[in-house]
Amino acid sequence: QVQLVESGGGLVQTGGSLRLSCTTSARSFSNYNMGWFRRNAGKDREFVAAIIWNGAQTYYGDSVKGRFTISRDNAKNSLYLQMDSLKPEDTAVYYCAKQSVHASNYYSTGDYDYWGQGTQVIVSS
């Protein structure tokens, strides 16, 4: 079992910034590709960003490119999402997830096998 715990969500004004964190006690965290997804009320989970095991490659959803930055610190078993220039449409519950070993891509929820409980982000206009 891999437990993931998100933190850092909250209420912020349009144009503001937040930094989300995701921590795990899993010993093999440094071997995992990781991702961030979000879900707004009534919608499916949307891919936000992903990062490979050593941080050398990152991927972003079109709606967040240039505004969000995914990073990781394997020594701290932690994943981060720096969110800048926030917009009201970024309001959602944000989830971190571990990509499964046999994943075929980085943007499908079906290719992730462990999920955190989520942290709420609200961007006021």
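Here, every reference points to the structure presented above.
As the structure is a prediction and not an experimental result, all values here were calculated from the model.

The next subject is the pairing of strand 4 (residues 34–39). The element strand 4 is largely enclosed, with a buried count of five among its six residues. The sheet contact formed by strand 4 and strand 5 (residues 46–51) spans five bridges and is antiparallel. In the sheet register, Phe37 faces strand 5, and the bridge partner there is Phe47. Where strand 4 folds back onto strand 5 in an antiparallel hairpin, the turn is made up of six residues, including Gly42, whose phi is positive at roughly 80°. Bridging between strand 4 and strand 9 (residues 92–99) involves six bridges; their strand directions are antiparallel. Bridge pairing links Trp36 to Cys96 in strand 9.

Glancing now at the nonpolar core. Counting residues in hydrophobic clusters, the biggest one holds 26 residues, and the most contacted among them are Trp36, Val48, Phe68, Leu79, Leu81, Met83 and Tyr94. Listing elements by their share of this core, those giving two or more residues are strand 3 (18–24), strand 4, strand 5, strand 7 (68–73), strand 8 (78–83), strand 9 and strand 11 (119–124). Not counting chain neighbours up to four residues away, the residues in contact with Leu79 comprise Leu20, Ser21, Cys22, Phe29, Met34, Gly35, Trp36, Ile51, Ile70, Ser71, Arg72 and Cys96.

Let's shift gears to the pattern of salt bridges. On inspection of all chains with the given rule, the structure shows five salt bridges. Arg38 is paired through a salt bridge with Glu46; the nearest N and O atoms lie 2.8 Å apart. You can call Arg38 buried: its relative accessible area is 5%. Look at Glu46 and you get partly exposed, because its relative accessible area is 31%. Among the salt bridges present, the one from Arg38 reaches Asp90, with a minimum N-O distance of 2.9 Å. Taken together, the residues Arg38 in strand 4 and Asp90 in the loop between strand 8 and strand 9 connect sequence positions 52 residues apart. In this structure, Arg38 and Asp90 share a single accessibility class: buried. When salt bridges that share partners are traced, they join Arg38, Glu46, Arg67 and Asp90 into one network.

What follows concerns the sheet that holds strand 3. With antiparallel pairing, four strands are arranged side by side in an open sheet as 1-3-8-7. Strands at the two margins of the open sheet, each flanked by one partner only, are strand 1 (4–7) and strand 7. Shown here is a sheet whose adjacent strand axes are inclined to one another by a mean of 15°, direction ignored.

The rules we used
Residues numbered from 1 in each chain as written. Predicted model: local features only at pLDDT ≥ 70, side-chain atom pairs only at ≥ 80, totals over all residues. Heavy atoms only, no water. Buried < 20%, exposed > 50% of the residue type's maximum accessible area, 1.4 Å probe, protein only. Helix = DSSP H or I, 4+ residues; strand = E, 2+ residues; numbered from the N terminus. Pairing = 2+ DSSP bridges. Core = buried A, V, L, I, M, F, W, Y, C linked by side-chain atoms within 4.5 Å. Contact = heavy atoms within 4.5 Å. Salt bridge = Lys/Arg side-chain N within 4 Å of Asp/Glu carboxyl O. Axes fitted to C-alpha atoms, helices over the stretch in contact; angles between N-to-C directions.

Functional significance is not addressed by these values, which are geometric in nature.
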